[in-house]
Amino acid sequence: MKRRKDMKHLDVNLVEELSNLEYFIVKSPVVSKDFWAEWQEKFSRAYMSRIAVKKILRNKKLTYEEANRYKTLLQMYEDVLTYLEMLKTLSLSLRGVYPSPQDRIEFDDEDIDFDL
């Protein structure tokens, strides 16, 4: 009985997380003219959110739980940005443009110490 209740709790958490991420889903087909405007809006929102979270982690005194929550949020934004970069690459490749590996955005935070 407990296992079934735990699974329902996980399902609710998953639905909630998917609902939160829906905000970043690009719904225009990658070959449509509306794709780039929507992609840019979603990319900018995720990138600026990532910057805000990094600033909080650097400049605010956080509890251990708060710091872990913001680190998880930072990873989520990095995952969203990776998704958006994959869509960009797909859209460009369908147009015959193949970006070089140097054009990829790297999310390197090794120089930032987020530990408390």
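Residues numbered from 1 in each chain as written. Predicted model: local features only at pLDDT ≥ 70, side-chain atom pairs only at ≥ 80, totals over all residues. Heavy atoms only, no water.

Examining the confidence of the model for the protein chain
Averaged over all residues, the pLDDT of the protein chain is 84; the fraction at 70 or higher stands at 78%. Ranking the elements of the protein chain by mean pLDDT puts helix α1 (residues 2-21) last, at 73, and helix α2 (residues 35-59) first, at 96. (pLDDT = per-residue confidence, 0-100. Helix = DSSP H or I, 4+ residues; strand = E, 2+ residues; numbered from the N terminus.)

So, the layout of surface pockets
Looking at the largest pocket, its volume works out to about 190 Å³. Surrounding the largest pocket, Glu17, Asn20, Phe24, Arg69, Thr72, Leu73, Met76 and Tyr77 form its lining. Elements represented by at least two residues in the lining of the largest pocket include exactly α1 and α3 (64-94). Broken down by element, the residue count for the lining of the largest pocket peaks at five residues, all from α3. For the lining of the largest pocket, the residue count by class is four nonpolar, two polar and two charged. (1 Å grid on protein atoms, 1.4 Å probe; cavity = no way out; pocket = protein on both sides within 12 Å on 5 of 7 lines; lining within 4 Å. Points joined across faces, edges and corners; volume = space filled by probe spheres on them. Nonpolar A, V, L, I, M, F, W, Y, C, P; charged D, E, K, R; others polar.)

Some points on the pattern of salt bridges
For side chains bearing opposite charge, pairing can occur when the charged atoms are close. Enumeration according to the criterion identifies four salt bridges in this entry. Between Glu85 and Lys88 there is a salt bridge whose closest N-O contact spans 3.8 Å. Of the two residues, Glu85 and Lys88 are both situated in helix α3; the distance of three residues between them amounts to about one turn of the helix. For Glu85, a relative accessible area of 4% corresponds to the buried category. (Salt bridge = Lys/Arg side-chain N within 4 Å of Asp/Glu carboxyl O. Buried < 20%, exposed > 50% of the residue type's maximum accessible area, 1.4 Å probe, protein only.)

Considerations on the nonpolar core
Phe35, Trp39, Ala46, Tyr77, Leu84 and Leu87 are the most contacted members of the largest nonpolar core, which has 18 residues in total. Elements with a minimum of two residues in this core: α2 and α3. Counting residues per element, this core draws most heavily on α3, which supplies eight residues. Excluding residues within four positions of it along the chain, Trp39 makes contact with Val26, Leu84, Glu85, Leu87 and Lys88. (Core = buried A, V, L, I, M, F, W, Y, C linked by side-chain atoms within 4.5 Å. Contact = heavy atoms within 4.5 Å.)

Digging into α2
Across its 25 residues, α2 extends 36 Å between first and last C-alpha, which sits within 8% of the 36 Å expected from 1.5 Å per residue. Residues of α2 that are buried in the fold lie against α3. (Expected span 1.5 Å × (residues − 1).)

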